[in-house]
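What follows is the residue order along each chain.
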Amino acid sequence: RHVPGNLDALISALQPLQQKGYLRLDAFCLAVSQLMSNTLLPENDKGLLVALRPVPELKTEQILTLCKPRRYGDLVTTLDDRVYLFLSSCRFNDLDTALTFIFSLPHDQLFANRVLWFEDHQILAEVGKIKNVVPDSLREMPLLMESTTVEKITTGATRMPLRRIPQPVSLNLEGKRR
Ligand code: C2E
Ligand code: C2E
């Protein structure tokens with residue numbers, strides 16, 4: 001029997017995202033906004049976007065080591081002092097359940113506060129906003145660059161690679177032994 005050509009496209013559109021875990025901010029925003037634009041998924045019920053601010057004693061990098069998403073489509077990224085999680089197909093009332101599974105320590109000990117978005121337009125608006133934010137760590141770099149480059153970064157005209165400027169290191173090979 002002849003299978004309609006667009007059946008494959010339909011089936012693949014119904015599959016969950018083939019990604020899980022940490023993504024860089026730009027890839028995270030792209031994946032979440034693509035998912036939000038999938039009209040085959042239920043309206044306002046595609047998942048939760050949550051921004052978590054760690055307690056002052058913890059850095060976002062430390063939080064990442066405790067964060068182990070299991071479900072395909074559960075994505076995580078960081079922006080300055082916030083951790084963003086997208087929880088695929090997670091219901092509003094199940095946020096605490098999902099966080100308990102995903103973090104290896106109790107989440108109320110890890111985070112000082114959280115902000116939650118659950119409707120499609122709210123999630124799209126938030127990822128649209130954060131995708132253009134220049135992280136604090138990059139904002140310090142312009143001091144080392146030409147002003148035209150600085151302008152391009154801050155206006156978003158050009159995407160700069162996330163790269164550190166190498167610093168010279170002296171090895172002191174002739175120095176005293178300790
Ligand atoms: P998946 O959704 O990517 O989930 C991967 C693994 O994360 C699961 O492996 C399970 O260990 C854990 N997990 C994800 N979501 C939940 C949850 O809501 N509660 C609990 N307790 N654990 C969760 P597992 O069980 O071997 O399942 C493998 C795959 O089979 C899942 O991949 C999913 O695609 C499918 N699956 C299994 N059970 C269900 C279900 O009840 N509903 C749906 N929709 N899919 C399921
Ligand atoms: P549960 O394990 O008590 O999870 C309750 C609800 O918490 C899930 O409802 C989902 O909304 C949310 N949740 C839990 N873990 C995760 C997670 O790792 N990621 C995300 N994004 N959300 C999570 P849901 O999906 O309707 O599942 C209802 C129940 O079905 C689950 O209760 C669990 O008993 C079972 N289940 C669902 N998916 C899986 C799976 O992949 N593997 C297994 N073993 N069980 C599953």
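Right, let's walk through the structure included here. Just so it is clear, the structure is predicted and the values come from calculations on it, not from any experiment.

## Quick look at the site of ligand 2
Now for step 1: In the vicinity of ligand 2, the contacting residues are Arg70, Arg71, Asp74, Leu87, Ser88, Ser89, Cys90, Arg91, Asp94, Thr97, Ala98 and Phe101.
Now for step 2: In this structure, Arg70 approaches ligand 2 through a side-chain N or O atom, which is 3.1 Å from an oxygen atom.
Now for step 3: A distance of 2.6 Å separates a nitrogen atom of ligand 2 from a polar atom in the side chain of Asp74.
Now for step 4: Summarising the interface, the protein chains cover 50% of the accessible area of ligand 2, which totals 780 Å² for the free molecule.
Now for step 5: For the shell around ligand 2, the elements supplying multiple residues, two or more each, are strand 4 (82–88) and helix 4 (95–102).

## Comments concerning the site of ligand 1
Now for step 1: Taken together, the neighbourhood of ligand 1 is formed by Arg70, Arg71, Tyr72 and Phe101.
Now for step 2: Backbone polar atom of Tyr72 to an oxygen atom of ligand 1: 2.7 Å apart, as the coordinates give it.
Now for step 3: Of the residues assigned to the shell around ligand 1, the class counts are 2 nonpolar, no polar and 2 charged.

## Details of the pairing of strand 2 (residues 47–54)
Now for step 1: Counting buried residues in strand 2 gives 7 out of 8 residues, a clear majority hidden from the surface.
Now for step 2: Of the strand pairs in this sheet, strand 2 and strand 4 are connected by 6 bridges, and their pairing is antiparallel. Bridge pairing in strand 4 links Gly47 to Ser88.
Now for step 3: Across 6 bridges, the pairing between strand 2 and strand 5 (residues 111–117) is antiparallel. Pairing of Val50 across the sheet is with Leu116, part of strand 5.

## So, the sheet that holds strand 4
Now for step 1: Pairing is mixed in the open sheet, where 5 strands are placed in the order 1-3-4-2-5. Across the chains shown, the open sheet's two edge strands, defined by having one partner strand only, are strand 1 (21–22) and strand 5.
Now for step 2: Taken strand by strand, helix 2 (residues 25–36) contacts strand 2, strand 3 (75–79) and strand 4, and its axis lies near 135° from that of strand 3.
Now for step 3: Against the sheet, helix 6 (residues 120–130) touches strand 2, strand 3, strand 4 and strand 5, its axis set at about 45° to strand 2.

Cut-offs used in this document
- Residues numbered from 1 in each chain as written.
- Chains lettered and ligands numbered in written order.
- Predicted model: local features only at pLDDT ≥ 70, side-chain atom pairs only at ≥ 80, totals over all residues.
- Heavy atoms only, no water.
- Near = heavy atom within 4 Å.
- Polar contact = N/O pair within 3.5 Å; in protein donor to acceptor, adjacent residues only side chain to side chain.
- Areas by Shrake-Rupley, 256 points an atom, 1.4 Å probe, with all protein chains shown as cover.
- Helix = DSSP H or I, 4+ residues; strand = E, 2+ residues; numbered from the N terminus.
- Nonpolar A, V, L, I, M, F, W, Y, C, P; charged D, E, K, R; others polar.
- Buried < 20%, exposed > 50% of the residue type's maximum accessible area, 1.4 Å probe, protein only.
- Pairing = 2+ DSSP bridges.
- Contact = heavy atoms within 4.5 Å.
- Axes fitted to C-alpha atoms, helices over the stretch in contact; angles between N-to-C directions.

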